[in-house]
Amino acid sequence: MILTVTPNVALDITYRVDQLTPGSSHRVRGVQERAGGGGINVARVLHGLGHGTMILGFVGSTTAAALTTDLAQGGLVHELISVEGPTRRSVAVVDSSNGAATLFNEPGPRVPAAIWEDLEAKVAARLPETTALVVSGSLPPDTDDDACARLVRLAVAHGVTVLVDTVGENVLRAAAAGADIVKANSSELLDTTGRSDVTAAAMTLRRRGATAVVASLGEAGMIAWTPGGCWRAAPPARVVGNPTGAGDAATAALVGGAVAGAPWPDRLRDAVALSAAAVLQPTAGSFDMDHYREFVPRIVVEEHHAPGLDR
């Protein structure tokens, strides 16, 4: 079982308009709502690939019933911990004329320390039957800087592979706690480490203790710095669509590859193919299996000689 933790569960709302024009009114041509947030989107993709998953996270009490119903209807096993306040909303406005998505992400409710301890206890109880732990998505306001690191340490103590995909001080401490994979997009890596170069940022996290670091380069693909080398993977052409779920789909591929013991070039190839297949879907957490299978053999993976790769 792959356990996914979503510290800041969202109600994902997707509006589709003919053309987005700032400062004007729009007629919405389609609306979709579903439970979301990083770990939930990752679990949806893993479920679609045939992996057994379990979702843990925090949800605002006023909308908890609707979100848990949505997860149950999707066949996703979950246990969400209710907190005071509304669940945050993540609104994506998709411009049908060019496929571009404009995002509005609310901060979410604060989570008291005692409730974080409840989450940690639930994670610890499930680790004996867990093959991998994913901690993914934004963090609630005023989250303790060591919150993700505590989850990493629990996983490491049980010999469970752990991937962290978030930002800020929590990433630095998660790396120091021994995260197997730290994943982020290139701008997040730079912001988190304070470095001006993506390779230097990745090396900072590896020196702190992360086994591998993976950076998304947007339309240019992904790059991974690992103990066995550095690889870069790129799609054969630009894929137009809704990119909001691409990163979570890539995370699902990376953790699925880790569980299978796949070589890093294969993991990266799958991650880029799956993220491209996710871009073609209207909502985060979805992908088209036929497109995914079509993309895999077309992804170009090359060894990348990064200075300072060795610790």
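Residues numbered from 1 in each chain as written. Predicted model: local features only at pLDDT ≥ 70, side-chain atom pairs only at ≥ 80, totals over all residues. Heavy atoms only, no water.

### Some points on the sheet that holds strand S7 (residues 101–105)
Inference 1: With respect to topology, 4 strands assemble into an open sheet ordered S3-S2-S6-S7, the strand pairing being mixed. Each of the sheet's edge strands pairs with one partner strand only, and the pair in question is strand S3 (28–36) and S7. Each strand axis lies, on average, 15° off the axis of its neighbour in the sheet, ignoring direction.
Inference 2: Inspection of the sheet shows strand S2 (residues 10–17) paired to strand S6 (residues 88–95) by 8 bridges, in the parallel sense. Bridging from a neighbouring strand, Leu11 pairs with Arg89 of S6.
Inference 3: Strand contacts of helix H1 (residues 38–48): S2 and S3, with the helix running at about 95° to S3, the strand carrying the most contacts. (Pairing = 2+ DSSP bridges. Helix = DSSP H or I, 4+ residues; strand = E, 2+ residues; numbered from the N terminus. Axes fitted to C-alpha atoms, helices over the stretch in contact; angles between N-to-C directions. Contact = heavy atoms within 4.5 Å.)

### Regarding the sheet that holds strand S1 (residues 2–6)
Note: strands within a sheet are paired through backbone hydrogen bonds, in either parallel or antiparallel orientation.
Inference 1: Strand order in the open sheet formed by 10 strands is S5-S4-S1-S8-S9-S10-S11-S12-S13-S14, and the pairing between neighbours is mixed. In the strand order of this sheet, the two ends are held by strand S5 (78–83) and strand S14 (300–303), each with one partner. The average undirected angle you get between the axes of adjacent strands in this sheet is 15°.
Inference 2: Bridging between strand S10 (residues 181–185) and strand S11 (residues 212–216) involves 5 bridges; their strand directions are parallel. Counted as the bridge partner of Lys183 is Val214 from S11.

### Notes on the side chain of Ser286
Inference 1: Summarising the element assignment, Ser286 is placed in the loop between helix H9 (264–279) and helix H10 (289–295).
Inference 2: Here Arg34 takes part through its side chain, which lies 2.9 Å from a polar atom of the side chain of Ser286.
Inference 3: Residue contacts for Ser286: discarding those within four places in its chain leaves Arg34, Ala278 and Gln281. (Polar contact = N/O pair within 3.5 Å; in protein donor to acceptor, adjacent residues only side chain to side chain.)

### Comments concerning the pairing of S1
Inference 1: In terms of burial, S1 is a largely internal element, 5 of the 5 residues being buried.
Inference 2: The two faces of S1 match: Ile2, Thr4 and Thr6 on one face and Leu3 and Val5 on the other face are all buried.
Inference 3: Judged from the 5 bridges that link them, S1 and strand S4 (residues 53–60) form a sheet pairing that is parallel. Its bridge partner lying in S4, Thr6 is registered against Gly57. (Buried < 20%, exposed > 50% of the residue type's maximum accessible area, 1.4 Å probe, protein only.)

### Description of the packing of helix H6 (residues 186–193) against helix H7 (residues 198–208)
Inference 1: At their nearest, the axes of H6 and H7 sit 9 Å apart, and the two run at 60° to each other. Between H6 and H7, the crossing angle belongs to the class labelled oblique. Handedness of the H6/H7 crossing: left-handed. When H6 is examined against H7, the residues Ser186, Leu189, Leu190 and Thr193 are found in contact with a partner set consisting of Val198, Ala201, Thr204 and Leu205.
Inference 2: In terms of residue class, the contact of H6 with H7 is made up of 5 nonpolar, 3 polar and no charged. (Parallel < 35°, antiparallel > 145°, perpendicular 65-115°, else oblique. Left-handed = near helix turned anticlockwise from the far one by under 90°. Nonpolar A, V, L, I, M, F, W, Y, C, P; charged D, E, K, R; others polar.)

### Some details on the environment of Ser196
Inference 1: Looking at the element boundaries, Ser196 is found in the loop between H6 and H7.
Inference 2: Classification of Ser196 as exposed rests on a relative accessible area of 77%.
Inference 3: As a C-alpha pair, Ser196 and Val9 span 187 residues in sequence and 31 Å in three-dimensional space.

### Regarding a nonpolar patch on the surface
Inference 1: Among the surface-exposed residues, Tyr15, Val28 and Val31 lie close enough to one another that they form a single nonpolar patch of about 230 Å² accessible area.
Inference 2: Looking at the secondary structure, you find Tyr15 in strand S2. (Patch = residues over 30% accessible without salt bridge, like charges linked within 9 Å, V, L, I, M, F, W, Y side chains within 5 Å. Areas by Shrake-Rupley, 256 points an atom, 1.4 Å probe, with all protein chains shown as cover. Salt bridge = Lys/Arg side-chain N within 4 Å of Asp/Glu carboxyl O.)

### Details of the pairing of strand S8 (residues 132–136)
Inference 1: With 5 of 5 residues buried, S8 lies mostly within the body of the structure.
Inference 2: In the sheet, S1 pairs with S8 via 4 bridges, with the strands oriented parallel. What sits directly across from Leu3, in S8, is Leu133.
Inference 3: Assessed by its sense of winding, the connection that carries the chain from S8 through helix H4 (residues 147–157) to strand S9 (residues 161–165) is right-handed. (Right-handed = clockwise from strand over helix to strand, strands pointing away.)

### Some words on the pattern of salt bridges
Inference 1: In the structure shown here, the tally under the stated rule is 14 salt bridges.
Inference 2: For Lys183, the salt bridge identified is with Asp165, shortest N-O distance 3.2 Å. Residue Lys183 is found in strand S10, and its partner Asp165 is found in strand S9; the two are separated by 18 residues along the sequence.
Inference 3: Owing to a relative accessible area of 3%, Lys183 belongs among the buried residues under this scheme.
Inference 4: Under the relative-accessibility criterion, Asp165 is labelled buried at 9%.
Inference 5: Arg298 is the salt-bridge partner of Glu294, the closest N and O atoms lying 3.2 Å from each other.
Inference 6: A relative accessible area of 40% means that Glu294 is categorised as partly exposed.
Inference 7: When its relative accessible area of 37% is taken as the criterion, Arg298 is described as partly exposed.
Inference 8: Where salt bridges share partners, they join Glu79, Lys122 and Arg126 into one cluster.

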